[in-house]
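Here's the letter readout for the chains.
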There are 4 protein chains.
Amino acid sequence: MSGVNKVIIVGRLGKDPEVRHLENGASVANFPVATSETYKDRNTGERKEQTEWHNVVLWRGLADVAEKYLNKGDMVYIEGKLRTRSWEKDGITRYTTEIVGDNMTMLSPKGSNDGGQSTGGSMSSSASQQEQNVASTPAGDIALEDESDDLPF
Amino acid sequence: MSGVNKVIIVGRLGKDPEVRHLENGASVANFPVATSETYKDRNTGERKEQTEWHNVVLWRGLADVAEKYLNKGDMVYIEGKLRTRSWEKDGITRYTTEIVGDNMTMLSPKGSNDGGQSTGGSMSSSASQQEQNVASTPAGDIALEDESDDLPF
Amino acid sequence: MSGVNKVIIVGRLGKDPEVRHLENGASVANFPVATSETYKDRNTGERKEQTEWHNVVLWRGLADVAEKYLNKGDMVYIEGKLRTRSWEKDGITRYTTEIVGDNMTMLSPKGSNDGGQSTGGSMSSSASQQEQNVASTPAGDIALEDESDDLPF
Amino acid sequence: MSGVNKVIIVGRLGKDPEVRHLENGASVANFPVATSETYKDRNTGERKEQTEWHNVVLWRGLADVAEKYLNKGDMVYIEGKLRTRSWEKDGITRYTTEIVGDNMTMLSPKGSNDGGQSTGGSMSSSASQQEQNVASTPAGDIALEDESDDLPF
DNA sequence: TTTT
DNA sequence: TTTT
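How each quantity is defined
Residues numbered from 1 in each chain as written. Chains lettered and ligands numbered in written order. Predicted model: local features only at pLDDT ≥ 70, side-chain atom pairs only at ≥ 80, totals over all residues. Heavy atoms only, no water. Least-squares fit on C-alpha atoms with pLDDT ≥ 70 in both. Contact = heavy atoms within 4.5 Å. Helix = DSSP H or I, 4+ residues; strand = E, 2+ residues; numbered from the N terminus. Salt bridge = Lys/Arg side-chain N within 4 Å of Asp/Glu carboxyl O. Buried < 20%, exposed > 50% of the residue type's maximum accessible area, 1.4 Å probe, protein only. Buried area = accessible area lost by both parts, 1.4 Å probe. Polar contact = N/O pair within 3.5 Å; in protein donor to acceptor, adjacent residues only side chain to side chain. Pairing = 2+ DSSP bridges.

Asker: An account of the relation of the copies chain D and chain C is needed here, citing residue identities and associated values.
Answerer: Each copy of the sequence occupies a distinct position, and chain D is placed on chain C by a rotation of 180° and an axial shift of 0.0 Å, giving an RMSD of 0.1 Å. The superposition of one copy onto the other is thereby described by a two-fold rotation axis. Considering only C-alpha atoms, the residue of chain D closest to the rotation axis is D:Val7, which sits at 2.2 Å. Taken together, the interface assignments show that 100% of the residues at the interface of chain D recur at the interface of chain C, consistent with an identical surface on both copies.

Right, dumping it as structure tokens:
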């Protein structure tokens, strides 16, 4: 059987990415992203904000991009899939659901969190869960050197 | 701040929906949905299947549709948002991530699980998290009586 | 039969929205949005950018939000459906495909296009293709007064 | 600049796929897909159906899968991007908007259109717009032999 | 816990 | 031009 398992979020990083570099050369980035929505309280009529936190995991090239360019507070578009992992603690099985991203677009103006450039822009990166090499042009543009995007159709 | 929190899955129900009817008249349906993907084991070269389980929650009209028409094994398209709830057990805080659906399309042929009609088809339902009344036409078509879909644009 | 017809874009407005106010009180906004992707030319190895233009249509409350807050150059997240219209010109039938949005999140920092505030933020609006009233809080936050979002689940 | 350009449809093929095999070895499949939604006429109160037609284009491995397994009437999940092409006819520029699919899941029970097996199922295929080889197991399962899906994370 |  |  097969199916579809797709998540799309646009939100802000709650922390800087934590990036680990594995023995096999792959890197993994983890960071929380908040998405919030506004709703009106049924009883009080007040506007309230409901925030949802998502655990995002990025692999390889996307992890490298996250390490270099993403900071706490940045707004990102993340597309990926849900994965629930189980782990033991004190003899108790616990579950964590993560978003394993395979596509990311940075939505915060460049340098907005570190005193750099101030005009808007976004950077986009895409991964096919394969090996990727990250290139950064002088202008700060980011692209994954990936055979998969040779053709624009 | 605001953002986007969207999930789309296509998969099969692992169990019949469990539906509760709340005191205030609202109904809630819960059921697990499996999405699976096929991948090739890097070492053995074997095709393997990875299954992911999702906890789906539907409210009101969609819960009623689920109660009436969804069964274990059925294939569904679910669109919704992620919500992580925490709950206490034995003094330990645990977390569960659910997909709160606001749109559903039934993809299994009608009657495929209960000896009914045999030709294919799908039924679609949409909710705006507001009051809904469910109507079922003689032909088995399902629709939420909702002011919101008066116009087709 | 039923199905799914969903589009999600994140891009920049090519022009200010054109808003018409219909006799029946409804408003409609039209504007083009550019999404671009970067790819590597197979022959030259050069980085190239491919831009795609989308015709976006918003109705009622979302049109009002667009009229008030969206400007050429702004980045937006738009979620909606595809609709292809045909029209006659010089006796020839022509077709136009549009994205009819039912959800929008403004991704440009407030005031970034008119000399206003400079720190980031986003505003989100959602429509269920029903009547909407737009409220703007003093802080500039936007929300559609819609029964549908009374509850945050 | 970068952005997001994503379409997701679930609908039925209006015709068998037309597949062309290009000189360079690549194949391209074209076929129309109908998505429909039900709405209630504001004046008459009648249930009506609004059908939208989408021009789908698949390349390489996905085109091969379409050629082998997709038929008129089949239900499919297609994920891809919008692309508007212009072409000349009688000195007039015309535009066509297509969905260039990069992910497909077959939702019709196998053999439902050719007298084969009768129990439900779905087949899924994914492409990264790179070279793909299609493998069909004896059981009829489909997979793109693609380095990119070696790992299931 | 689904399905092929 | 699909399907129920």
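Once you've had a look at it, read on.
Asker: Which residues make up unusual backbone geometry, and what are the values?
Answerer: Residues and elements named next belong to chain B. In the Ramachandran plot, Arg-60 falls in the positive-phi region, its phi being about 45° despite a non-glycine side chain. Within the secondary structure, Arg-60 sits in helix H1 (residues 60–69). A positive phi angle, close to 55°, is found at Asp-90, a residue other than glycine.

Asker: Before we move on, could you go through the pattern of salt bridges and cite the residues and values that matter?
Answerer: Residue and element names in this part refer to chain A. As enumerated under the stated definition, the model contains 24 salt bridges over all chains in all. Residues Lys-6 and Glu-79 are paired through a salt bridge, measuring 2.7 Å at the closest nitrogen-oxygen approach. Of the two residues, Lys-6 is situated in strand S1 (residues 4–13) and Glu-79 in strand S5 (residues 75–89); the sequence distance between them amounts to 73 residues. This pair shows no difference in class: Lys-6 is buried, exactly as Glu-79 is.

Asker: Pulling in residues and values, what's your account of the interface of chain D and chain C?
Answerer: Listed per partner, the contact involves 33 residues of chain D and 33 residues of chain C. Between chain D and chain C the total buried area reaches about 2600 Å² when both faces are included, carbon and sulfur atoms providing 45% of it. Summed over the shared surface of chain D and chain C, the number is 2 salt bridges. Measuring nitrogen to oxygen at the nearest pair gives 2.9 Å for the salt bridge that ties D:Lys81 to C:Glu37. Between the two partners, chain D and chain C, sit 10 residue pairs in polar contact (both at pLDDT 80 or more). Secondary structure elements with two or more residues in the side of chain D that touches chain C: strand S1 (4–13), strand S3 (27–40), strand S4 (47–59), strand S5 (75–89) and strand S6 (92–106) of chain D. Counting residues per element, the side of chain D that touches chain C draws most heavily on S1(D), which supplies 8 residues. Inspection of the sheet shows strand S1 (residues 4–13) of chain C paired to S1(D) by 7 bridges, in the antiparallel sense. Bridge pairing in S1(D) places C:Ile8 opposite D:Lys6.

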